[in-house]
Amino acid sequence: MGAVTTSLGEQAQSIFDDIGYTVSRTDSGLRAEHKWRVVRVTVLEDDETLPETGDMRCFVTWSSEATALGRRLTRMDVEYEWAVIGVREDGDYDIVRPGTST
């Protein structure tokens, strides 16, 4: 497979579409819904400020940044459930969750 030319935002939407979520755009990112679950999806390409509140959140970044972002969230000791999707150049991705990033 060749190099991915789509943005992280497009990758995030595609990933959630592929796993059965209904995805819509919001002012602050994406909203992914499936049955009772609503996940706020934030695309991070830089060292941006992370939210301190929320319910279920997923952060999408490049694979090379995913583990560090997971560690940062762990250190922040946020109260919401979170996961980080690290997108690789070939379009595949890895998932970092609490307990797997430290």
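Structural data are supplied above this passage.
Fair warning: this is a prediction, and the values are worked out from it, not measured in the lab.

**A word on the overall build of the protein**
Right, so step 1: The helix and strand inventory of the protein stands at two helices and six strands.
Right, so step 2: Along the chain direction, N to C, the helices and strands of the protein fall in the order α-β-β-β-β-α-β-β.
Right, so step 3: At 13 Å, the protein has a C-alpha radius of gyration in line with the 13 Å of a compact globule built from 102 residues.
Right, so step 4: With the principal axes as the frame, the protein shows a C-alpha extent of 40 × 30 × 25 Å.
Right, so step 5: For the protein, with 102 residues in total, the buried portion stands at 34%.
Right, so step 6: Sequence separation of at least 24 residues holds for 42% of the intrachain contacts in the protein that already meet a minimum separation of 6.

**Re the pattern of salt bridges**
Pairs can form between side chains of opposite charge once their charged atoms are near each other.
Right, so step 1: Across all of its chains, the model carries four salt bridges by this definition.
Right, so step 2: Put simply, R88, D90, D92 and D94 are held in one network by salt bridges that share partners.

**A few points about unusual backbone geometry**
Right, so step 1: Of note in the backbone geometry, K35 takes a positive phi value of approximately 55° without being a glycine.
Right, so step 2: Secondary-structure assignment places K35 in the loop between β2 (29–34) and β3 (37–43).
Right, so step 3: Not every positive phi belongs to a glycine, and D77 is a case in point at roughly 55°.

**Quick word on the pairing of β2**
Right, so step 1: Relative to β2, strand β1 (residues 22–26) is paired through five bridges, and the arrangement is antiparallel. In the strand pairing of β2, V23 is matched with A32.
Right, so step 2: In this antiparallel pair of consecutive strands, β1 and β2, the connection spans two residues.
Right, so step 3: Examined bridge by bridge, β2 and β3 share five bridges and lie antiparallel to one another. The partner of A32 across the bridge, within β3, is V39.
Right, so step 4: In this antiparallel pair of consecutive strands, β2 and β3, the connection spans two residues, and K35 shows a positive phi of 55°.

**Regarding the nonpolar core**
Right, so step 1: The biggest cluster of nonpolar side chains holds 15 residues, and the ones touching the most others in it are F16, A32, V39, V41, V60 and I85.
Right, so step 2: Elements that contribute at least two residues to this core include exactly α1 (8–18), β2, β3, β4 (56–62) and β5 (81–87).
Right, so step 3: With four residues, the top contributor of residues to this core is α1.
Right, so step 4: Among all residues touching V41, those that are not within four sequence positions of it are A12, F16, S28, G29, L30, A32, C58 and V60.

**Regarding α1**
Right, so step 1: All of the buried residues in α1 are L8, G9, Q11, A12, I15 and F16. Taken around the axis of α1, the buried residues stretch over an arc of 160°, which confines them to a single face.

About the criteria used
Residues numbered from 1 in each chain as written. Predicted model: local features only at pLDDT ≥ 70, side-chain atom pairs only at ≥ 80, totals over all residues. Heavy atoms only, no water. Helix = DSSP H or I, 4+ residues; strand = E, 2+ residues; numbered from the N terminus. Rg over C-alpha atoms; globule rule 2.2 N^0.38 Å. Buried < 20%, exposed > 50% of the residue type's maximum accessible area, 1.4 Å probe, protein only. Contact = heavy atoms within 4.5 Å. Salt bridge = Lys/Arg side-chain N within 4 Å of Asp/Glu carboxyl O. Pairing = 2+ DSSP bridges. Core = buried A, V, L, I, M, F, W, Y, C linked by side-chain atoms within 4.5 Å. Arc of directions from axis to C-beta.

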